[in-house]
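# Residue-level structure breakdown
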Amino acid sequence: MKLISNHFMRGCLFALFVAFTGVLTAQTTVNGTVTDADSGDPLIGASVLVTGTTTGTVTDFDGKFSINLPANAESLTISYTGYSTQVVDINGQTTFTVSLSSGELLDEVVVVGYGSVKKSDITGAVVALTEEDFNAGVITSPEELIQGRAAGVQITQTSGEPGAGVNFRIRGTSSVRGNNNPLFVVDGVPLSGENTSADGSISGLGNTTARNPLNFLNPNDIASIDVLKDASATAIYGSRGANGVVIITTKSGAGERGSLSYNFSVGFAAISRRYDLLNADEFLDAYTDFNGAAAAAVLDGGTETDWQDEIFRTGITTNHNLSFGGGNTDGNYRFSVSYMDQEGIVEESGLQRLSARFNGTKKFINDRLTLGTQVTVSDIHDDNVPITTNSGFEGDLLGNILKANPTQPVFRPDGTLNQLSNTEPNPVALLNLYEGFTNTLRMLGNVSADLKIAEGLNFKTVVGLDRSFSSRVDAQSRDLLAGTGVFGIGRLNLNDIQVENDLWENYFTYTRKVGSVDFTGLVGYSYQRFERAGKGAAYADFRTSDLDIMINNLASANQSLGNAGAVGTNSFRTVDELQSYYTRVNFGISDKYLLTATVRADGSTRFGGGNRYGVFPSAAFKWRMIDEGFVPDAFSDLGLRVGYGITGNQELPHNLYQTRQRYSDFNFNNGVDNIDGGNLSTIAFANPDLKWESTAQINAGIDFGFANNRISGSFDYYRKNTNDLLIQITSAQPAVTPFVWDNLDADIINEGVELALNLVAVDKENFGWDISFNAGYNNNVVKNFSGLINTGQINGQGLTGAFAQRIAEGQPLYAYFLREFGGYDAEGVSIYPNGDFQEFVGASPLPTLTGGLTNIFRLGNLDLNIFFSGQFGHSIYSNTANAFFTAGSLANGRNVTRDVVGNGEGPLNAPDVSTRFLEKGDFVRLQNVSLGYTVPVSGNVFSNLRFTVSGQNLFVITGYSGQDPEVSISKPINGVPSIGIDYTAYPRARTVTIGVNASF
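Let us look at the structure shown here.

Calculation criteria
Residues numbered from 1 in each chain as written. Predicted model: local features only at pLDDT ≥ 70, side-chain atom pairs only at ≥ 80, totals over all residues. Heavy atoms only, no water. Helix = DSSP H or I, 4+ residues; strand = E, 2+ residues; numbered from the N terminus. Buried < 20%, exposed > 50% of the residue type's maximum accessible area, 1.4 Å probe, protein only. Contact = heavy atoms within 4.5 Å. Areas by Shrake-Rupley, 256 points an atom, 1.4 Å probe, with all protein chains shown as cover. Lys, Arg positive; Asp, Glu negative; His and termini not counted. Charge placed at Lys NZ, Arg CZ, Asp CG, Glu CD. Phe/Tyr/Trp six-rings, centres within 6.5 Å; stacked < 30°, edge-to-face > 60°. Lys NZ or Arg CZ within 6 Å of the ring centre and 35° of its normal. Pairing = 2+ DSSP bridges. Salt bridge = Lys/Arg side-chain N within 4 Å of Asp/Glu carboxyl O. Axes fitted to C-alpha atoms, helices over the stretch in contact; angles between N-to-C directions. Expected span 1.5 Å × (residues − 1). Polar contact = N/O pair within 3.5 Å; in protein donor to acceptor, adjacent residues only side chain to side chain. Patch = residues over 30% accessible without salt bridge, like charges linked within 9 Å, V, L, I, M, F, W, Y side chains within 5 Å.

## So, the overall build of the protein
- Secondary structure assignment for the protein yields eleven helices and 51 strands.
- Along the first, second and third principal axes, the C-alpha atoms of the protein reach 100 × 65 × 60 Å.
- A buried classification covers 54% of the 1000 residues belonging to the protein.
- Taking the intrachain contacts of the protein between residues at least 6 apart in sequence as the baseline, contacts between residues at least 24 apart amount to 70%.
- For the protein, the exposed surface amounts to about 40,200 Å²; the carbon and sulfur share of it is 55%.
- Across the protein, the centroid of the 67 positively charged side chains sits 6 Å from that of the 102 negatively charged ones.

## Let's talk about unusual backbone geometry
- Despite not being glycine, Asp541 has its phi angle at roughly 60 degrees, a positive value.
- Phi at Thr984 is positive, roughly 40 degrees, even though this residue is not glycine.

## Some remarks on the packing of aromatic side chains
- Following the criterion strictly, the structure yields 24 aromatic pairs and no others.
- Centre to centre, the rings of Phe704 and Phe706 are 6.1 Å apart; their planes meet at 45 degrees, and the pair counts as tilted.
- What makes Phe704 buried here is its relative accessible area of 14%.
- Judged by relative accessible area, Phe706 falls into the partly exposed class, the value being 29%.
- Grouping aromatic residues by their ring pairs yields a cluster made of Tyr114, Tyr237, Tyr507 and Tyr582.
- When the ring centre of Phe867 is taken as origin, the NZ or CZ atom of Arg149, which lies over that ring, is 3.8 Å away.
- Over the face of the ring belonging to Phe923 we find Arg925, whose NZ or CZ atom lies 5.1 Å from the ring centre.

## Notes on the pairing of strand S45 (residues 862-872)
- Across eleven bridges, strand S44 (residues 849-859) lies against S45 in antiparallel orientation. Bridge pairing links Gly852 to Ser869 in S45.
- Hairpin connection between S44 and S45: a loop of two residues separates the two successive antiparallel strands, and Gly860 in this loop has a positive phi of roughly 60 degrees.
- Bridge count between S45 and strand S48 (residues 923-934): ten bridges; the pairing is antiparallel. Following the sheet pairing, Asp863 is matched in S48 by Gly932.

## Looking at the pattern of salt bridges
- One pass over the full model with this rule turns up 35 salt bridges.
- Of the charged contacts, one joins Asp276 and Arg898 as a salt bridge, the two residues approaching to 2.2 Å between their closest N and O atoms. Here Asp276 is found in the loop between strand S19 (259-271) and helix H4 (280-291), whereas its partner Arg898 is found in the loop between helix H11 (887-891) and strand S47 (918-920), with 622 residues between them in sequence.
- The shortest N-O distance in the salt bridge between Lys535 and Asp496 comes to 3.4 Å. Placement of Lys535 in strand S27 (residues 517-540) and of Asp496 in strand S26 (residues 491-514) is noted, with a sequence separation of 39 residues between them.
- If you follow the salt bridges from partner to partner, you end up with Lys622, Arg641, Asp703 and Asp716 in one network.

## Overview of the sheet that holds strand S6 (residues 86-89)
- Pairing within the open sheet is antiparallel, and its four strands lie in the order S3-S2-S5-S6. Among the strands making up the open sheet, the edge pair consists of strand S3 (56-58) and S6. Neighbouring strand axes in the sheet, compared pairwise and without regard to direction, differ in orientation by 20 degrees on average.
- Two elements, strand S5 (residues 75-79) and S6, share four bridges in a ladder whose sense is antiparallel. Residue pairing across strands places Ser75 opposite Asp89, the latter belonging to S6.

## Considerations on H4
- The terminal C-alpha atoms of H4 lie 16 Å apart, and with twelve residues this matches the ideal 16 Å at 1.5 Å per residue to within 8%.
- Backbone nitrogen of Asp281 and a side-chain oxygen of the N-cap are separated by 3.2 Å at the start of H4; the cap is Asn279.
- Phi turns positive, to about 90 degrees, at Gly292, one or two residues after H4.

## Some details on a nonpolar patch on the surface
- A surface patch of nonpolar side chains, amounting to about 910 Å² of accessible area, comprises Phe268, Ile316, Phe767, Leu859, Leu862, Leu931, Tyr933, Phe947, Val949, Val992 and Ile994.
- Every element with two or more residues in the nonpolar patch is listed here: S48, strand S49 (944-958) and strand S51 (989-999).
- You can see Phe947 is positioned in strand S49.
- Overall, Phe947 belongs to the partly exposed group, its relative accessible area being 41%.

## Here we look at the pairing of strand S36 (residues 693-706)
- Where strand S31 (residues 635-649) and S36 come together, 14 bridges link them in antiparallel fashion. The partner of Val642 across the bridge, within S36, is Ala700.
- Judged from the 13 bridges that link them, S36 and strand S37 (residues 711-730) form a sheet pairing that is antiparallel. By the bridge assignment, Gly705 is partnered in S37 with Ser712.
- Hairpin geometry of S36 and S37 is characterised by an intervening segment of four residues between the two adjacent antiparallel strands and by a positive phi of about 50 degrees at Ala707.

## As for the side chain of Thr984
- Here Thr984 shows up in the loop between strand S50 (981-982) and S51.
- Owing to a relative accessible area of 4%, Thr984 belongs among the buried residues under this scheme.
- Only 3.2 Å separates the side chain of Thr984 from the side chain of Asp396, close enough to count as a polar contact.
- Each residue touching Thr984, except ones within four places of it in the same chain, is listed here: Ile387, Thr388, Asp396, Leu398, Gly399, Thr880 and Phe884.

## Overview of the sheet that holds strand S43 (residues 839-840)
- Pairing in this open sheet of four strands is antiparallel, and the strands run S40-S41-S42-S43 from one edge to the other. Of all the strands in the sheet, the pair left with one neighbour each is strand S40 (789-793) and S43.
- Of the strand pairs in this sheet, strand S41 (residues 803-807) and strand S42 (residues 815-818) are connected by two bridges, and their pairing is antiparallel. What sits directly across from Gln805, in S42, is Tyr816.

## What about the environment of Pro617?
- Mapped onto the elements of the fold, Pro617 is located in strand S30 (residues 613-623).
- For the pair formed by Pro617 and Met340, sequence separation is 277 residues and the distance between their alpha carbons is 43 Å.
- Ignoring anything within four residues of it in the chain, the contact list for Pro617 reads Ala235, Thr598, Val599, Gly645 and Ile646.

## Things to note about the side chain of Thr388
- Among the structural elements, Thr388 can be located in the loop between strand S23 (369-384) and helix H7 (397-403).
- A polar atom in the side chain of Thr388 sits 2.7 Å from the backbone oxygen of Leu205.
- The residues contacting Thr388, other than those within four sequence positions of it, are Ile202, Leu205, Gly206, Asn207, Thr208, Asp396, Tyr983 and Thr984.

## Here's the deal with the environment of Phe767
- With respect to the helices and strands, Phe767 occurs in strand S39 (residues 767-783).
- Sequence-wise, Phe767 and Thr196 are 571 residues apart; in three dimensions their C-alpha atoms are separated by 47 Å.

## A look at a negative patch on the surface
- On the surface, a cluster of negative charge is contributed by Asp281, Asp285, Asp289, Asp300, Glu304, Asp306 and Glu310.
- Relative to the assigned elements, Asp289 resides in helix H4.
- The exposed category is assigned to Asp289, whose relative accessible area is 65%.

Here's what the structure looks like:
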């Protein structure tokens, strides 16, 4: 593993700074401010040109500009998209205040694939979100910035753990086995979409998941996020656009003099909801009812311990962001560095991220050649805790918090940890005698050259690279009495992952206007290479119980007396390549009739020769009816859109079309005398006909505005049909092969509508009130499928082999397949009215309705943003309650929630998988409240000074009995994922953040 040295990195950054900033000189400097004539708000990015020349600049985040004038300058031309242009005479002035009127529709530029387009000219379904739309507070990854902000977009953190993975769904769930997250494109570089850190295995406790691969991006560096939803918008990305595309654009420098900004925030997080567990007295009384006073006396530890208090804490997060940038019409630059230290609400958990970024452009050859670069380097340290997704009856850290005996003390009188048995471990011991962390170094960068060949004809080439190096450690002391194969032995697991993603992009763009016809054509070639490698090692039978020595001195694993002590579990390396050709044409006739057509052909090494290339076309049309004479004057915007296209999905494991064999992982068994693994087995059988998974989508929409756009919005209808689903199919035995990777003969239909509304309720000089609302309805169903696929694994005592979901004809994906629970009989045994077998119960883990509501108030220099989000129409299966909150658990000496006591269940009742543990997941969350005050400044020291207080997850309205309804632990069976199952998930926090933003 080769890492870039600090000296080399500093040298590169310095060279980039010199190359892209240059020295700007002139004779006279003038300053000014550009504002909105109606509201008085500063206009960011307004163009200021010396009339008749190419000398100019753009306004900064406060609407301010500074420009050096040639000796013969007579006037300035100030313009801003959607506003009337003004020409201001200089006449010896050095300070200007310019107010622009907005008599036209605000027509900001939206980033789409390989270019940008005016918002009014968009023919597809695209949501453009900028800084003013972003969520505030403790934000770890870019997805959290826009959670709940876009219609038809569902963003769910898998748990409340710092840096936890995120499920990002655009217009529903389409793939059975493949990745359902969209394609993320950062400053023109498409990311691989795979994990960049390792998951983990904690002996006796289960498996853990990898952290969010987008955590390397500092949210403070992001200028905009554009969500491309329909096929006409995403088809330019072909085989990777089936689940939508999210384009992330980072900030660039502005202002000729340069601007220095520093942001600081501190946040305080606490658990938002605890389980209502029995206290010591209640626990003993309930246990006595089942087992008698004598047994309860033996169980009584003589203390009162709240295990939730022992593990949960108030987590403090600090965030520092420093940036410096500037620019003019010749180029721009921006440097930033940030440090984030986030403590989790579970003791010992957290995330620390140090990141640095540079963005720069520079024009040469009379502005015909533009060179640009963006570079991000991030170093992330994750502090892990033993919380897993599939622990057995022993439970993981959170499971043991829930079931631990509240009468037992944490420590014995001699100060040592009070450990009772390996099946009932002390939660504090689980935490203190475990050490786990992940270190990830990631660099993302690109260099581009844009050459103006002739009038209207440009060529652009982009070279991008994405490098990630990650190491994970999971160590358990031999003093830990938990699970099997740990006590007296000790365990250490090491996992390393290295990811390389290389991009070379080349495309021509031609624009021309002939009479009333505007034409833009794009043709390009792309090559992307994905390499992924990793290795693991396991150590056992340590001669020390000191975790630091175990991790840093691997020879402490005993290798005497015939014991192995250490073993390389396995290694892997895969290389995949994607070669693409694409073209897009845009026609505009009289600015009223707009047509977009796209074709992309992708060739992937993940498929056999016969189906290696897939072709993905799309077309969309927009009629700007607002420009027609028959539209009533009440409308300030009116347009109709319709589009159709086909996109693909190739996000599946490496090379599944030809026969491949692999030696299985080595590992220790519960002891250390025997080593399991090293068996040669087939992981893929030949199927040269394996082909792309594809999604055909139709979209029809209307954009509207009234009263000079004080009321505006859009309404869309869509229908997505995904077929040729990629999946591993088990062969009916006897057969030559036990399984084969194939294209499933089935269709997954997502059909729905989306509504987005914006209302300027009040627009006075000193008071304003804006309202934004979005809602999306989606219906998901499986069609033309003759098979059955089980998923949704359920864990816990007596639940081996249990599952809760099934994929079948006429059902939504991952539909709940359960016994129908009907209460208890006189003996306390469960009643199943429809028989003791599982069936579809008419419930789905997929929300049918998602929405968000934002209210923004402005009073003088104060502003208040209140944001609600919600999801409806889905259900959650509580594996937590199924495994821990039953009368049988209580009778066996485990704590439970108060609702278990007296519910009629008998101590010998089997905790079967049933609708008893299925609950409605509907919720409305006050997701974000932010109060800000902008201090009036003279500009002598500060160009901007702003203070904020924000709250996240302040309350949730829900009927779900668990800690939080917005949770989704994946519980796969045979690699088929699932959602909507809650199993000892890391709790979600309630957070209050105080911040200051200063610019100089």
